[in-house]
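# Observations on the three-dimensional arrangement
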Number of protein chains: 2
Amino acid sequence: MIAELIAVGTELLLGSIANTDAQYLSEKLSAMGITVHHHTVVGDNPGRLAEALETARKRADIIITTGGLGPTCDDLTKQTICRTFGRELELHADILEEIRTWFRTKLGREMPENNVQQALLPVNCTVFDNPVGTAPGCAFEENGVHVLMLPGPPFECRYLFEHRAARYLEKLADGVIVSHEIKIFGMGESSVEEALREPMATLANPTLAPYAKLNECMVRATAKAETREAAEKMLAPLVEQVRTALGDVVYGVDVESLEAVVSALLRERGLTLSAAESCTGGLIAKRMTDLPGASSVFRGGVVSYTNGVKSGVLGVSGELLEEYGAVSEPAARAMAEGCRNICGSDLAVSVTGVAGPDRDSRGNEVGTVYIALAGPEGTICRKLSCGRGRGRDRVRSAAASSAFDMIRRQLLGLPL
Amino acid sequence: MIAELIAVGTELLLGSIANTDAQYLSEKLSAMGITVHHHTVVGDNPGRLAEALETARKRADIIITTGGLGPTCDDLTKQTICRTFGRELELHADILEEIRTWFRTKLGREMPENNVQQALLPVNCTVFDNPVGTAPGCAFEENGVHVLMLPGPPFECRYLFEHRAARYLEKLADGVIVSHEIKIFGMGESSVEEALREPMATLANPTLAPYAKLNECMVRATAKAETREAAEKMLAPLVEQVRTALGDVVYGVDVESLEAVVSALLRERGLTLSAAESCTGGLIAKRMTDLPGASSVFRGGVVSYTNGVKSGVLGVSGELLEEYGAVSEPAARAMAEGCRNICGSDLAVSVTGVAGPDRDSRGNEVGTVYIALAGPEGTICRKLSCGRGRGRDRVRSAAASSAFDMIRRQLLGLPL
């Protein structure tokens, strides 16, 4: 089945926000075996939306719109879709009551009257009620084309897709599509494709597809079968084959991120971590604490952006910094050991390097990074070149990912 | 003039990446007075790209494509555009030499032979040479429609737009468009629209347009005139009018971010800052150190995610934490004072709160945040409710922004 995504919102055409809904939905649809051929973005303009709908209904089996369901948008999306597909709108009293309740309990005030139109939905549609916002979504079928409407705010769009729209779409499929994500750090997308060239080219069901992500990549294995069990049975040997072909650069299957894997490994072993960050400037701590419940494994850390903090807080000796510089193996080791000491954690990771835009005063190139890991059995250190030539952000995010991978490898006894 | 953006890349339709190029270009084009009516995304598929081009040339004066210029893409974009617009491709020897040099100097290896096709460009085009990557862009005009091709990788796309394509487009405009961005923190988009309803509705040139951004908003004032000077003369009283209407929630005009303003204020006054972060978990440090040259004003900080680190590193007394809890005014004050003390900074900010997903063990609601600021004249503290009901990320980013705004207000002597 072919899907087309139509996003409605002048804020997208003004560049106020990126169309992250399209990315999210495309990834989910592709994992369900639904092929996306087009994304289209139009403004809050009924004429251009109607045109986009007319074009889409000729070339897609599924049209998913995002946005234009708010109370101030004059119900642009619903009205225009109904006009295009020849449907009426009708008031859903139960949905109206839900919106009223949402205002009272979540926002602590009465619903303004213009929100009433959010309870207007096409006749004979499947309602996607929205417990995380005011705009419900919905879906209907007309002449073999399924039209789904989702709200634009990413949090609501994701919630309604996952909990409502995905089920609607699953029913359309003949059979079940199951996929697994094999996450990889430390091997580029082209090398992964090289290593898996044969199965990628020859397999039809299950299939393998590579994805490049920030600082890492992923292979998705997808199978279509009559039942979930049958699909899983097809996937198990394929996932194993990928693991074998790629080796220990595979850091997990269906896991969220490197830091989530590190966090789970620490929890499993009852260990705690802290971080001393120079060039990453808090990014490792931020990524660890992005995970709910982080405090059971992550004690905290020090952002030692200046030598004063490296000495004063982490206890790195001034002579050492003078002799070797802040971007050096001795500094990285001392930072990790000092951090472990003051934070009282089992392990402490440190990162010191040159994020750029310029090389440092000792002539270290942009991207030069030392990562040390201190533990009960001593301290290890690696020198890396991270994200060179791709700007400050990339150096920093690549350094943080490398630090997480070093912790993972150490915890699993893998070569560094 | 009307522009249409066409992004080419199957990775966009698979959801592997978001179309951030479209956001960037839309914002830039809109600031130049060029209206964007459509974004379209197609995969690496010549047939669907040709169709999108045919549609776009009928409704737009400017078509900008992103992506499909890489050596492995079989020159999909250039070939298809040339076929659609009836042009030939020709080899540019100087561009080929630049690509060879780029490989040698930046990547330290010889150029693979398939990169030769990156030096093939349409006959009689304006070349956008690319010093930050291998794929040059280009532009030509055919029957009144301007076609611009930019590479897909965001870093290269932005560089080539800013340094090459923007100049090409400026020449097309009759007159000059100048715009200023008035950045606002602490007032919602709808209140801003309310306060500026009259000028927004009535002005034709210059104009005012509101933008909602993460945790903040912005008003863009744009003027079109024969010269830059004339445009600036039209804008000056308008910017002043907005400042007067909104008051001290305006944190800057044409500034990058709240943290950039804080950083500039600190530099101006010769002051340094450090940060003690609990619920924000390193985000304040990360945002400060996103700015190049941060080390002259930001000394570093402590991520005190656990009480052990609050006591052991920041010196917050265990009795205090016991009595009031970690999410409390006394804890926030002690964290800021302890951080100022150990980091040796003039000012220290602290944040402690409940990021969620659940309320804390003392019953503090998700979003409850205490922010304290310690300085030579004492410590101030505020209790806020941040990003409630919008998830963990939003609570954290709203808390960090609020901390930056509190520092700004304190440095400028504004009411907190």
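Residues numbered from 1 in each chain as written. Chains lettered and ligands numbered in written order. Predicted model: local features only at pLDDT ≥ 70, side-chain atom pairs only at ≥ 80, totals over all residues. Heavy atoms only, no water.

Bringing the overall build of chain A into the picture now. Looking only at helices and strands, chain A has 15 helices and 17 strands in total. Reported as C-alpha extents along the three principal axes, the dimensions of chain A are approximately 80 × 55 × 40 Å. Taking all 416 residues of chain A together, 55% fall into the buried category. Accessible surface, chain A as shown: approximately 16,800 Å² in total, 48% of it carbon and sulfur. Each charge class in chain A was averaged separately, 43 positive and 53 negative side chains, and the resulting centres sit 3 Å apart. (Helix = DSSP H or I, 4+ residues; strand = E, 2+ residues; numbered from the N terminus. Buried < 20%, exposed > 50% of the residue type's maximum accessible area, 1.4 Å probe, protein only. Areas by Shrake-Rupley, 256 points an atom, 1.4 Å probe, with all protein chains shown as cover. Lys, Arg positive; Asp, Glu negative; His and termini not counted. Charge placed at Lys NZ, Arg CZ, Asp CG, Glu CD.)

It is worth spelling out the interface of chain B and chain A at this point. In this complex, chain B contributes 61 residues to the contact, which on the side of chain A involves 63 residues. Carbon and sulfur atoms make up 54% of the area that chain B and chain A hide from each other, which totals about 4,800 Å². On the surface where chain B and chain A come into contact, there are four salt bridges. As a salt-bridge pair, Arg396 of chain B and Asp290 of chain A come within 2.9 Å of each other at their nearest N and O atoms. Counting the contacts that link chain B with chain A gives 30 residue pairs in polar contact (both at pLDDT 80 or more). Looking at the side of chain B that touches chain A residue by residue, the classes come out as 25 nonpolar, 22 polar and 14 charged. As judged from the three bridges shared by strand S14 (residues 298–303) of chain A and strand S14 (residues 298–303) of chain B, these two strands associate in the antiparallel manner. (Contact = heavy atoms within 4.5 Å. Buried area = accessible area lost by both parts, 1.4 Å probe. Salt bridge = Lys/Arg side-chain N within 4 Å of Asp/Glu carboxyl O. Polar contact = N/O pair within 3.5 Å; in protein donor to acceptor, adjacent residues only side chain to side chain. Nonpolar A, V, L, I, M, F, W, Y, C, P; charged D, E, K, R; others polar. Pairing = 2+ DSSP bridges.)

The subject of this paragraph is the environment of Asn143 of chain A. Residues and elements named next belong to chain A. Mapped onto the fold, Asn143 is located in the loop between strand S7 (137–142) and strand S8 (145–150). Here Asn143 falls in the exposed class, since its relative accessible area comes to 69%. Separated by 82 residues in sequence, Asn143 and Asp61 place their C-alpha atoms 9.7 Å apart.

Moving on, we get to empty space enclosed by the protein. By the definition in use, this model includes three cavities of 30 Å³ or more. What lines the largest cavity is simply Leu12, Ile17, Ala18, Asn19, His39 and Val41 of chain A together with Asn19, Ala22, Gln23, His39 and Val41 of chain B. The residue inventory of the lining of the largest cavity, partitioned by class, reads six nonpolar, five polar and no charged. (1 Å grid on protein atoms, 1.4 Å probe; cavity = no way out; pocket = protein on both sides within 12 Å on 5 of 7 lines; lining within 4 Å. Points joined across faces, edges and corners; volume = space filled by probe spheres on them.)

Each of the two chain copies can be generated from the other by rotation about an axis followed by a shift along it. Of the two same-sequence chains, chain B is brought onto chain A (RMSD 0.1 Å, axial shift 0.1 Å) by a rotation of 180°. Put plainly, the chains are arranged around a two-fold axis. Both copies share a contact surface, since 100% of the interface residues of chain B are interface residues in chain A too. (Least-squares fit on C-alpha atoms with pLDDT ≥ 70 in both.)

A few words on the packing of aromatic side chains. A full pass over the atoms with the stated rule returns eight aromatic pairs over all chains. Above the face of the Phe85 of chain A ring, Arg57 of chain A is positioned so that its terminal group lies 4.3 Å from the ring centre. (Phe/Tyr/Trp six-rings, centres within 6.5 Å; stacked < 30°, edge-to-face > 60°. Lys NZ or Arg CZ within 6 Å of the ring centre and 35° of its normal.)

The α-helix advances 3.6 residues per turn, and as a result positions three or four apart in sequence lie on the same side. Residues and elements named next belong to chain A. With 15 residues, helix H5 (residues 93–107) ought to run about 21 Å at 1.5 Å a step, and its terminal C-alpha atoms sit 20 Å apart, in line with that. Turning to H5, its buried residues are Ile95, Leu96, Ile99, Trp102 and Phe103. For H5, the angular spread of the buried residues around the axis is 115°, confining them to a single face. Exposed positions of H5 whose direction lies more than 90 degrees from the buried face are Ala93, Asp94 and Thr105. In the core, the buried residues of H5 are packed alongside strand S4 (89–91), strand S5 (120–122) and strand S6 (126–128). With its phi angle positive at about 65°, Gly108 sits one or two positions after the end of H5. (Expected span 1.5 Å × (residues − 1). Arc of directions from axis to C-beta.)

Glancing now at the sheet that holds strand S9 (residues 176–184) of chain A. Residue and element names in this part refer to chain A. With respect to topology, four strands assemble into an open sheet ordered S10-S11-S9-S12, the strand pairing being antiparallel. Only two strands of the sheet have a single partner each, and these edge strands are strand S10 (207–213) and strand S12 (250–253). Averaged over all adjacent pairs, the angle separating strand axes in this sheet is 25°, with direction ignored. Here S9 runs beside strand S11 (residues 216–225); their pairing, made up of nine bridges, is antiparallel. Paired with Ile182 across the strands is Val219, a residue of S11. The strands that helix H9 (residues 228–246) touches are S9, S10, S11 and S12; relative to S9, the one it contacts most, it runs at about 20°. (Axes fitted to C-alpha atoms, helices over the stretch in contact; angles between N-to-C directions.)

What follows covers the side chain of Glu156 of chain B. Among the structural elements, Glu156 of chain B can be located in helix H6 (residues 154–172). In this structure, Glu156 of chain B is in contact with Asn130, Val132, Gly133, Thr134, Ala135 and Pro151 of chain B, ignoring residues within four places of it in sequence.

The subject of this paragraph is the sheet that holds strand S12 (residues 250–253) of chain B. Residues and elements named next belong to chain B. Strand order in this open sheet of four strands is S10-S11-S9-S12, and the pairing throughout is antiparallel. Taken across any chain shown, the strands that pair with only one partner, and hence form the sheet edges, are strand S10 (207–213) and S12. When strand polarity is set aside, the average angle formed by the axes of neighbouring strands in this sheet is 25°. Relative to the sheet, helix H2 (residues 20–31) contacts strand S9 (176–184), S10 and strand S11 (216–225), its axis offset from that of S11 by approximately 45°. Its contacts with the sheet put helix H9 (residues 228–246) on S9, S10, S11 and S12, and the angle it makes with S9 is roughly 20°.

Residue and element names in this part refer to chain B. Following both chains from N to C, one finds helix H3 (residues 46–59) and helix H4 (residues 76–85) inclined at 50°, their axes separated by 10 Å at the closest point. Taken together, the axis directions place H3 and H4 in an arrangement best described as oblique. In the packing of H3 onto H4, the handedness of the crossing is right-handed. Facing Pro46, Leu49, Ala50, Leu53, Glu54 and Arg57 of H3, the residues of H4 in contact are Leu76, Thr77, Thr80, Ile81, Thr84 and Phe85. Here the residues of the contact of H3 with H4 are counted per class, giving seven nonpolar, three polar and two charged. (Parallel < 35°, antiparallel > 145°, perpendicular 65-115°, else oblique. Left-handed = near helix turned anticlockwise from the far one by under 90°.)

Bringing helix H3 (residues 46–59) of chain A into the picture now. All names here are of chain A. The first and last C-alpha atoms of H3 sit 20 Å apart over 14 residues, in line with the 20 Å expected at 1.5 Å per residue. Every buried residue of H3 is listed here: Leu49, Ala52, Leu53 and Ala56. Considered in projection along H3, the buried side chains sweep an arc of 105° and stay on one side of the axis. Those residues of H3 hidden inside the fold are in contact with strand S1 (2–8), strand S2 (35–42), strand S3 (62–66) and helix H4 (76–85). With a side-chain oxygen positioned 3.0 Å from the backbone nitrogen of Gly47, the residue opening H3 is Asn45.

The next subject is the confidence of the model for chain A. Taken as a whole, chain A shows an average pLDDT of 92; of its residues, 99% reach a score of 70 or greater. The ipTM value of the predicted complex is 0.80, and its pTM value is 0.82. (pLDDT = per-residue confidence, 0-100.)

Okay, the packing of helix H10 (residues 258–269) of chain B against helix H15 (residues 392–412) of chain B next. For any two helices packed against each other, one specifies the crossing angle of their axes together with the interaxial distance. Residue and element names in this part refer to chain B. Interaxial distance between H10 and H15 falls to 9 Å at its minimum, and their mutual angle equals 35°. Here H10 runs over H15; the crossing is left-handed. On the side of H10, the interface is formed by Leu258, Glu259, Val261, Val262, Leu265, Leu266 and Arg269, while H15 contributes Ser401, Phe404, Asp405, Ile407, Arg408, Leu411 and Leu412. The residue makeup of the contact of H10 with H15, split by class, is nine nonpolar, one polar and four charged.

Quick look at the pairing of S1 of chain A now. All names here are of chain A. Of all seven residues in S1, six are buried, a share of seventy percent or more. In terms of strand pairing, S1 meets S2 through seven bridges, oriented parallel. Pairing of Ala3 across the sheet is with Val36, part of S2. Two strands pair when backbone bridges link them, and S1 and S3 are joined in this way by five bridges, in the parallel orientation. Its bridge partner lying in S3, Ala3 is registered against Ile62.

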